[in-house]
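# An overview of the molecular structure
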Amino acid sequence: MSRTSAASMASGPCPATGTPVQRTPFQRGRSGHRRAEAVAVDIGDELSVQRAVTHVVATFGRLYFAVNNAGIPATGHILTEIPVHKWERVLRVNLTGTWLCLKYQLPVMKQHGGGAIVNVAPNGGLYAIPGAPAYVAGKHGVVGLSKVAAVDYGPDNIRVNALCPALTRTTMFDGVVASAGAQLAEEQAAITPLRRLADPGEVAAAAVWLCSPDASYITGTVLSADGGRRA
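Given the structure is predicted, the values throughout are model-derived calculations rather than measurements. Positions within a chain are numbered from 1, following the residues in the order the chain's sequence is written. Side-chain atom pairs in this predicted model are given and counted only at pLDDT of 80 or more, local residue features only at pLDDT of at least 70, and totals for whole chains, interfaces and linings cover all residues. By convention in this description, side-chain values take in all heavy atoms of the structure and omit both hydrogens and water.

We call a set of buried residues a nonpolar core when its members are Ala, Val, Leu, Ile, Met, Phe, Trp, Tyr or Cys and they connect through side-chain atoms within 4.5 Å of each other. Burial here depends on accessible area, computed with a 1.4 Å probe over protein chains only, as a share of the maximum for the residue type. Under 20% is buried, over 50% is exposed, and the range in between is partly exposed. Of all hydrophobic cores here, the largest spans 23 residues; its most connected members are Val-41, Ile-43, Val-49, Leu-106, Met-109, Ile-117 and Val-160. Counting residues per element, the ones that place at least two in this core are α2 (46-60), α3 (84-111), α4 (133-153) and β5 (158-165). In this text, helices come from DSSP runs of H or I with a minimum length of four residues, and strands from runs of E with a minimum of two, each type numbered from the N-terminal end. Looking at which element gives the most residues to this core, the answer is α3, with eight residues. Among all residues touching Met-109, those that are not within four sequence positions of it are Leu-63, Tyr-64, Phe-65, Ala-66, Gly-114, Gly-115, Ala-116, Ile-117 and Ile-158. Val-118, Leu-163, Ala-207 and Leu-210 belong to the second largest nonpolar core, which has twelve residues in total. Whether two residues are in contact is decided by their heavy atoms, any of which lying within 4.5 Å being enough.

Once that is clear, we can look at the pairing of β5. Extensive coverage of β5 is indicated by the burial of eight of its eight residues. Of the two faces of β5, the one lined by Ile-158, Val-160, Ala-162 and Cys-164 and the one lined by Arg-159, Asn-161, Leu-163 and Pro-165 are each fully buried. By definition, two strands form a pair when at least two bridges between them are found by DSSP. In this structure, strand β4 (residues 115-120) lies alongside β5, joined through six bridges in parallel fashion. When the sheet's bridge partners are listed, Ile-117 is paired in β5 with Val-160. Handedness is read with the strands pointing away from the viewer; a crossover is right-handed when the path from the first strand over the helix to the second is clockwise. Regarding topology, α4 serves as the crossover connection from β4 to the parallel β5, and that connection is right-handed.

With that settled, the discussion passes to the pairing of β4. Within β4, six of the six residues are buried, which leaves it mostly tucked inside the rest of the structure. On β4, burial covers both faces: Gly-115, Ile-117 and Asn-119 on one face and Ala-116, Val-118 and Val-120 on the other are all buried. Two elements, strand β3 (residues 65-68) and β4, share four bridges in a ladder whose sense is parallel. Each residue of the ladder has a partner; that of Phe-65, found in β4, is Ala-116. Note on the crossover from β3 through α3 to β4: the handedness is right-handed.

The next thing to look at is the packing of aromatic side chains. Paired rings are identified among Phe, Tyr and Trp, the last through its six-membered ring, by centres lying within 6.5 Å, and are further divided according to the angle between planes into stacked (under 30 degrees), edge-to-face (over 60) and tilted (the rest). Throughout the structure, instances matching the rule amount to zero aromatic pairs. Note on criteria: charge over ring means Lys NZ or Arg CZ within 6 Å of the ring centre, with the direction from the centre no more than 35 degrees off the ring normal. Lying over the aromatic face of Tyr-64, Arg-62 brings its terminal NZ or CZ to 4.3 Å of the ring centre.

What follows is about the pattern of salt bridges. For side chains bearing opposite charge, pairing can occur when the charged atoms are close. Salt bridges are identified by distance alone: a Lys or Arg side-chain nitrogen within 4 Å of an Asp or Glu carboxyl oxygen. One pass over the structure, following the stated rule, counts two salt bridges. The salt bridge involving Lys-103 is made with Glu-46; its shortest N-O contact spans 2.7 Å. Highlighted residues: Lys-103 in helix α3 and Glu-46 in helix α2, separated in sequence by 57 residues. Its relative accessible area of 37% is what places Lys-103 among the partly exposed residues. Its relative accessible area of 30% is what places Glu-46 among the partly exposed residues. For Arg-196, the salt bridge is made with Glu-202, and the minimal N-O distance between the two is 2.8 Å. Given the relative accessible area of 40%, Arg-196 is considered partly exposed. Classification of Glu-202 as partly exposed rests on a relative accessible area of 37%.

Okay, structure coming up:
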């Protein structure tokens with residue numbers, strides 16, 4: 001979904017630069033006169049995040065917006081049985097990693113007069129998922145961080161929102177299906193009012209919109225892209 005979001009932003013109507021927050025191979029491409037560049041980042045490592053933001057500014061001159069989307073799944077453990085090392089690993093990536101991104105993105109945006117940030121906190125940021133205490137805690141934390149950042153940095157013309165998609169047909173989801181069984185996708189589609197799972201492009205479009213001038217008065221909100229699951 002990160003790759004899809006980056007591609008959508010590169011071809012979108014507003015000039016922008018985002019911070020890559022996934023472990024991806026170095027690539028360079030063009031869309032018209034726009035340039036995209038992928039950088040491998042471990043968002044659980046502070047120096048890696050700092051270097052990525054510094055690289056973006058050095059390459060493109062400033063940071064217009066960012067979509068923080070990296071995360072890892074964690075299911076299969078009730079709260080009292082999840083190992084400490086797994087709890088800490090999930091929180092390190094899913095919550096602390098997003099905080100580290102904000103820590104280095106916000107000052108750069110403030111220095112250049114503003115910007116927009118979207119933190120992706122899938123449905124685990126809105127409600128409980130059985131057997132996923134660390135994942136749910138981390139994603140709820142991302143929603144809270146987004147709201148605090150929106151309040152603290154609104155006076156600096158920086159908008160921060162959370163985007164909460166339901167299950168989306170990504171590579172990560174394919175891995176979950178491989179271990180849980182193909183019926184998982186069918187079951188999830190059946191309880192979704194639109195009767196299907198999200199396509200990465202649909203979620204990316206929501207992220208692009210939140211970063212665009214069309215959403216210029218929207219900050220501190222949580223946008224649920226879930227096919228009607230929470231209706």
